[in-house]
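# Report on the structure
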Amino acid sequence: MASNQNNLRDLQWLFQAIEFESISLQSISFYLSQPNSNCFQETENSININISKENLSYFSILLKELATTKTTQSLQNLEFHRVEWEAQQLQNLKLLLENNSKAKQIVFRRNRFGKECLLELSEILKRNRVIREIMLSESGIGSIGAAILASALKVNDSLEELQIWEDSIGSKGAEELSKMIEANSSIKLLTIFDSDAITANPLISAVLARNRAMEVHIWSGENGEKSSKILEFVPENNTLRIYRLDLSGCCRVACALGLNTTVKSLDLTGIRLKSRWAKEFRWVLEQNQSLKEVNLSKTCLKDKGIVYVAAGLFKNQKLERLHLDGNWFSGVGVEHLLCPLSRFSSLQFQANITLKSVTFGGGRTKIGRDGLTAIVQMITTNESVTHLGIRDDQSLRAEDFIRIFRSLEKNASLRQFSLQGCKGVDGELLLQTIMDTLQINPWIEAIDLAKTPLHIKGKTGAIYQKLGQNGKAEPEIDLLKDMPLTVPKSCRVFLCGQEYAGKSTLCNSISQSFFSSSSSSKLSYVEHVKTLVQPVEQAVKPAGMRIKTFKDEEDTKISIWNLAGQHEFYSLHDLMFPGHGSASLFLIASSLFRKPNNREPKNPEEIEEDLNYWLRFIVSNSKRASSQQFILPNVTVVLTHFDKINQSSRNLQNTVDLIQKLRDKFKGFVEFYPTVFTVDARSSASVSKLTNHVRQTSKTILQRVPRVYELCYDLIQTLSQWRSDNYNKPAMRWREFDEICQVKIPCLRVRSRLDNREKVEMRRRAIANCLHHIGEIIYFDELGFLILDCEWFCGEVVAQLLRLDVRKQSANNGFISRKELEKILKGNLQSQIPGVGSKVFENLEVNDLVKMMLKLELCYEQDPTDSNSPLLIPSIIEEGRGRPQRWQISSPECVYAGRHLECDDSGHMFLTPGFFPRLQVHLHNKIMGSNNQHAATYTLEKYLISITINGVHIRVELGGQLAHYIDILACSTKTLTDTLRLIQQLIVPSIHSLCQGVTLSESILRPECVRNLTPPRFRKTQLVPLQQLKHALLSVPADAMYDYQHTWAPVSESGRQVLGPGFDYARDLLSDDDFREVLHRRYHDLYHLAVELQVSPENNPDEPDRLTGDEFGTAVDPSIGGIAKGVETVLQRLKIIEQEIRDLKQEIQGLRYYEHRLLVELHRKVNYLVNYNVQIEERKVPNLFYFVRTENYSRKLVTNIISGMTALRLHMLCEFRREIHVVEDQIGCELMQVDNMAVKSLVPHMKKFMKLLTFALKIGVHLASGMGEMIPDLSREVAHLVDSSAIYGAAGAAAIGAVGAAAVGNRNRGRSLGDDIQEQRTAQQWVVDFLREQRCYSGKEIAEKFGLWRVRYRDSGQIAWICRRHLIVRANEIAEIPV
């Protein structure tokens, strides 16, 4: 009895502690049906409560007390052991949980619930939003309890962990829980331990089907067996591992995986699977977008199952690793498995390019002959698999593995090759084959030969050693740099001319004349056949580019490229233009008649127009090919149809005179052959001189152009052999060219895995470009092809693409569907004579041609994200009718801006016909590929691009077909800066990128022209160069910069005023970026000038004078260097201003303040400089003098003097304080010749005066006023001062920037103040002596020659020489002092 009372006392202590709130509990564990009743406090915040059977009533009381006290406000964990729940107890538990906001976990171990109690528990879970974890262990809830819990958890969105251990919920309970999983997305952990393994099927299927990020662990222990894990799914690593599941469960999992996105790794190792499951898994592979790895090792799959898996791989583009070793399939299964990883034609694409690792094999896998063939085909053609494993094979022999390793020579993707346990890996021949393969293929990183006969015999050491060598970095050797060069052996002759010029006939006649004059004139049988067939082909084929090639007796190859003269081919001409350094000759053919069928001759102006176009075309493309043109293009003019004209015709002589003018005009741009050839293109005899000229000029050009690599001509033979081995294919893919370089060209081979493959690739591309420049192949980086038959490409592919008749089909805003385009391509490019002609579709697919057009920017897709998107070809757009143009938006808030880009030298260059169509495509691709593409619209006309991006409407207009300028007009509701920023970041760079070498100058269009969309002919005078406007802003004081106006002239036509006069503020023409650039440039000039003036002065006791001022009370140094002494404070203030700048007006205000301070300091110290030494002749002569020289009726300021200079005039400045200026109409004194004494005396003063003048110019002081055009370009003069051996210092170094200032400033370091004083005295004494020699030493004579009078300031007593205007205006401040 005493013991029981003690226990009761323990529980009573708990009641008291709860009542008085003396404890704070976070964790409470109830243990019912215990031998004794007590409570044990494990920690300060946790307690175990044991209640015996006799005291079970205390359990309900405790729950009720705990629900109403503050003791459990921080309660987090509740655990119940052996509780047989009653309704009232659950009501108390409900109250406890409702009054507690921190309870996270509830555990029920060996509890018992009736149905009513389960329903009550369900109600608790439905309403509770706090509990995160519930665990039910051995509580016998069964399927009914699982269903009740599931119904509650369907609406509960706070629970994160649910664990049910050994409660036998069965398949029905699992089905109910699966329905809960479909509705509940908050549970993160689900753990089930059940006696029936079938429980796992619905649960994991629901988790996968609903893409729940839920960790799942399901265990089972059937029939008293040892418990084992059925499956687990861990979202952290996205891995689903199935250890034990029946076939129906596996099929159900497969169905759920179809649209699943949470599983990346699926492991079914050891599960016995059948073709029924494989059939379901095929659908998974076709639909799933997240699965990366599948392990089906030892799953007993046979051929039928593998066929299903292989079928799924055809559409799968996500799976990366597939393990199938230990299965029971044969060579048929291997053949199907590797089919989606192989290519069986050069025109075929590999079906699956994402699978990187494949493993198969095993003792019961019979690869056989069919499997071996499939393996070899896959290795030879595959470009994606990096890991291939054939494990424990018993069927392949040594010669089979030799075939496999030889196929590896052409594989560049495989990195790891495993033959572990293969019995056929044996023999010396196989060992040697492996070594030879590793010599050619350095990309194989590992070969696993464990458990093979070679490994068992210890013969694999050499293989692993070679693999190690291939993994070491080879010394960097620039093979191309040391590669021997040779004189080119082939020259291209480009036959240019308009339509009906007789180019084709002329080309044939030159060819015949060439063969007849050549010693090797006997043609082969093939050439005879071509001679017979070509006229028939040309009769049925439309005109296009043609190429004729022949060699002379010296093995010099000359190819005539007949450029088609029709306008639709002009865009092709840019693509075919030779690159810099290419051996090429241009023959410009022009007919003397308008059409060959009539006798109507061309007038000289028409012929001049033809020739002028082609000359400008050649110059423009030559500049584009090389911005540094060392070799001028060779041009020869040929006039055809000469036999039909009267040779004494006056028009002919006028034509020759005009051609001579063209020769003079293009001198320095092309090398113009002096003789004009007049020929009858039909006669070989008539063109014989022209043929000889072509032969001799070609040889001369070949000697002058840069040399090429000898390797190119070796490679030509290799490529020719490749064509012979591949049915004379005219095109080669880049991958095939890489294979040739790797296998047959040692100097272009990747020798090690650590070799810089980009450099090797760069060398290969350099060789390909070299072959392109010498005319042997056609190669563009964008194409991905090497065109080995140039005539086939130009005449049968690209030329026909440009003549497609798609206008009838392009009903959708000019777009044509891809299928329609492919249909037209087939119709145009099919051979029109059976057995003769086009070989296009034997070597290229129609889709290849479309891609070629896209990559060459000949067309673009309406929607780049759609593989079946319609296409638009800008070059075939017809010029529309002149419909009225207007902006889509028009409101007072709109901002209008325009930019005009024009060729700097429009007389010799222009924007070629191929430029604008490519710009239309290039801009579209750039805009639609940017982040703003969703808000962009893009429409085209023949010479117009209309773009709308984020509310900014832009028009890009070409100035006609043969234009030399392009206009960019913009209308926007955004700010001017935002609008111009879009133009400068998007439109202008695109234009420059397509006309490299042709310099375009930028001008600003009048906003009124942009707003009214004024026709281009009226806009020509309504523009101002951008740099000119910026320089104009730099030339005005800071006060006037923000209000600077540019004036526009009126425009009239036929007496009618189209545009009236007007003006615009510079701030309305320039963006904030441009305006800020001007301000910063001005600041930059001022800053560096001030830095140059900051020469550290030395204390001079002889000069105690001190400037007075409110803010700059600093000691005065009697030198120009002293001017900078007070500037440091100003510069510090300037830095503060720069940091505080927020907009343009603040910047201008800061600049204005800076200039004002510098101006005050300048005048203060210059005034002192003027008067600092009154002892020298008592200021009987002025101090501030300068020299000028008269050139071509104009005066130029002399910035430096050297001995021997003549005809200089000495002038003096008005010295009135703060208003120093040039005196107008001053006569001055002539200095006949500068001697050495003058140089020695004046050079230091000249240096300081230039520095002072530059300083004044930068801040707008009227020291420079009156000089006007007399002031030269100080940057050149200062540079000359720097280079001169007779002068040191930096006169106006700020004008040439910081570099000049730093370079010259170093020479001034260490100079003393006494040196500056002595230099100034020397210069002033020279002036005194010079004026005495000129008999100009009295006040009257100085007034006559210099217009200056000697005065004294009434307030300071200082003496100065001032002009008449100041003498009159400032009479109350001064008193005249006669000399």
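Here the structure is a predicted model, which is why all the values come from computation and not from measurement.

### Concerning the overall build of the protein chain
- Secondary structure summary: the protein chain contains 45 helices and 51 strands in total.
- Within the protein chain, the fraction of its 1379 residues that count as buried is 53%.
- Considering only intrachain contacts with a sequence separation of at least 6, the fraction spanning at least 24 residues in the protein chain is 73%.
- Total accessible area computed for the protein chain in this model is approximately 62200 Å², and 47% of it derives from carbon and sulfur atoms.

### Focus on the packing of aromatic side chains
- Applying the stated rule across the entire model yields 28 aromatic pairs.
- When the ring of Phe59 is compared with that of Phe80, the centres are 6.2 Å apart and the planes differ by 80°; the resulting orientation is edge-to-face. Taken together, the residues Phe59 in helix α2 (residues 57-68) and Phe80 in strand β4 (residues 77-81) connect sequence positions 21 residues apart.
- Residue class for Phe80 comes out buried when judged on its relative accessible area of 0%.
- An angle of 65° between the planes, with centres 6.3 Å apart, marks the rings of Phe1187 and Trp1326 as edge-to-face. Here Trp1326 lies in helix α43 (residues 1313-1333) and Phe1187 lies in strand β44 (residues 1185-1191), a separation of 139 residues in the sequence.

### Brief notes about the sheet that holds strand β30 (residues 785-787)
- Ordered in space as β28-β30-β29, the 3 strands form an open sheet in which the pairing is antiparallel. Each of the sheet's edge strands pairs with one partner strand only, and the pair in question is β28 (731-733) and β29 (778-779).
- Direction of pairing for β28 relative to β30: antiparallel, over a ladder of 3 bridges. When the bridges of β30 are listed, Arg733 appears paired with Phe785.

### Things to note about the environment of Ile983
- Its location among the elements puts Ile983 in helix α31 (residues 976-994).
- A C-alpha to C-alpha distance of 8.4 Å links Ile983 and Ile954, two positions 29 residues apart in sequence.
- Excluding residues within four positions of it along the chain, Ile983 makes contact with Ile954, Ile968, Ala970, Val988 and Pro989.

### Comments concerning unusual backbone geometry
- Unlike most non-glycine residues, His641 shows phi in positive territory, near 60°.
- One can find His641 in the loop between β24 (634-640) and α21 (650-665).
- In this structure His641 comes out as buried when scored by relative accessible area, which is 13%.
- In this structure, Asp1225 takes a positive phi of about 55° despite not being glycine.
- Exposure remark for Asp1225: the relative accessible area of 77% places this residue in the exposed category.

### Examining the packing of helix α6 (residues 170-183) against helix α7 (residues 200-209)
- Look at α6 against α7: their axes get within 8 Å of each other, and the N-to-C directions meet at 10°. The angle between α6 and α7 falls in the class roughly parallel. Touching Ala174, Glu175, Leu177, Ser178, Ile181 and Glu182 of α6 are Pro202, Leu203, Ala206 and Val207, all from α7.
- In terms of residue class, the contact of α6 with α7 is made up of 7 nonpolar, 1 polar and 2 charged.

### What to know about the pairing of strand β8 (residues 189-194)
- Burial analysis of β8 places 6 of its 6 residues in the buried class, which makes it a mostly covered element.
- Of the two faces of β8, both are covered, the one formed by Leu189, Thr191 and Phe193 as well as the one formed by Leu190, Ile192 and Asp194.
- Judged from the 5 bridges that link them, strand β7 (residues 161-165) and β8 form a sheet pairing that is parallel. If you follow Gln163 over to β8, its bridge partner there is Thr191.

### Some thoughts on helix α30 (residues 915-928)
- The terminal C-alpha atoms of α30, which comprises 14 residues, lie 20 Å apart, in line with the 20 Å expected from a rise of 1.5 Å per residue.
- Within the span of α30, buried status applies to Phe915, Phe916, Pro917, Leu919, Gln920, Val921, Leu923, His924, Ile927 and Met928.

### Description of the pattern of salt bridges
- Inspection of every chain in the model, using the stated rule, returns 42 salt bridges.
- Note that Glu957 and Arg955 form a salt bridge whose closest N and O atoms lie 3.0 Å from each other. A single burial state applies to Glu957 and to Arg955, both of which are buried.

### Section: the confidence of the model for the protein chain
- With 78% of its residues at a pLDDT of at least 70, the protein chain reaches an overall mean of 79.
- Confidence drops under pLDDT 50 across residues 1-8; counting only partners more than four residues distant or on other chains, this segment forms 5 contacts.

### Quick word on the nonpolar core
- Judged by nonpolar contacts, the single largest core of 141 residues is most densely connected at Phe30, Phe80, Trp85 and Phe360.
- Once residues lying within four places of it in the same chain are set aside, the contact partners of Phe80 are Phe30, Phe59, Leu63, Trp85, Leu93, Ile106, Val107, Phe108, Arg109 and Asn111.
- With 100 residues, the next largest nonpolar core counts Phe494, Cys859, Leu980 and Ile991 among its residues.

### Section: helix α14 (residues 428-440)
- Between its first and last C-alpha, α14 extends 19 Å over 13 residues, near the 18 Å set by a 1.5 Å rise per residue.
- Listing the buried residues of α14 in full gives Leu430, Leu431, Thr433, Ile434, Thr437, Leu438 and Ile440.
- For α14, the secondary structure elements touched by its buried residues are α13 (398-407), β18 (446-448), α15 (453-456), α16 (461-470) and α24 (734-744).

### What to know about the environment of Glu79
- Within the secondary structure layout, Glu79 lies in strand β4.
- Distance from Glu79 to Phe108, taken between C-alpha atoms, is 6.2 Å for residues 29 residues apart in sequence.
- Leaving out residues up to four positions away in the same chain, Glu79 has contacts with Ile28, Ser29, Phe30, Val107 and Arg109.
- A distance of 2.7 Å separates a polar atom in the side chain of Glu79 from a polar atom in the side chain of His81.

### Quick word on the sheet that holds strand β33 (residues 895-903)
- One open sheet holds the 7 strands; their spatial order is β34-β35-β36-β37-β33-β38-β39, and the pairing between them is antiparallel. Either end of the sheet is taken by a strand with one partner, and the two such strands are β34 (936-941) and β39 (1023-1025). Looking at each pair of strands side by side, their axes are set apart by 20° on average, direction ignored.
- Bridge count between strand β35 (residues 944-949) and strand β36 (residues 952-958): 6 bridges; the pairing is antiparallel. Following the sheet pairing, Thr948 is matched in β36 by His953.
- Here α31 sits on the sheet and contacts β33, β35, β36, β37 (965-972) and β38 (1000-1005); the angle it forms with β37, its principal contact strand, is near 150°.

What counts, and where the lines are drawn
- Residues numbered from 1 in each chain as written.
- Predicted model: local features only at pLDDT ≥ 70, side-chain atom pairs only at ≥ 80, totals over all residues.
- Heavy atoms only, no water.
- Helix = DSSP H or I, 4+ residues; strand = E, 2+ residues; numbered from the N terminus.
- Buried < 20%, exposed > 50% of the residue type's maximum accessible area, 1.4 Å probe, protein only.
- Contact = heavy atoms within 4.5 Å.
- Areas by Shrake-Rupley, 256 points an atom, 1.4 Å probe, with all protein chains shown as cover.
- Phe/Tyr/Trp six-rings, centres within 6.5 Å; stacked < 30°, edge-to-face > 60°.
- Pairing = 2+ DSSP bridges.
- Axes fitted to C-alpha atoms, helices over the stretch in contact; angles between N-to-C directions.
- Parallel < 35°, antiparallel > 145°, perpendicular 65-115°, else oblique.
- Nonpolar A, V, L, I, M, F, W, Y, C, P; charged D, E, K, R; others polar.
- Expected span 1.5 Å × (residues − 1).
- Salt bridge = Lys/Arg side-chain N within 4 Å of Asp/Glu carboxyl O.
- pLDDT = per-residue confidence, 0-100.
- Core = buried A, V, L, I, M, F, W, Y, C linked by side-chain atoms within 4.5 Å.
- Polar contact = N/O pair within 3.5 Å; in protein donor to acceptor, adjacent residues only side chain to side chain.

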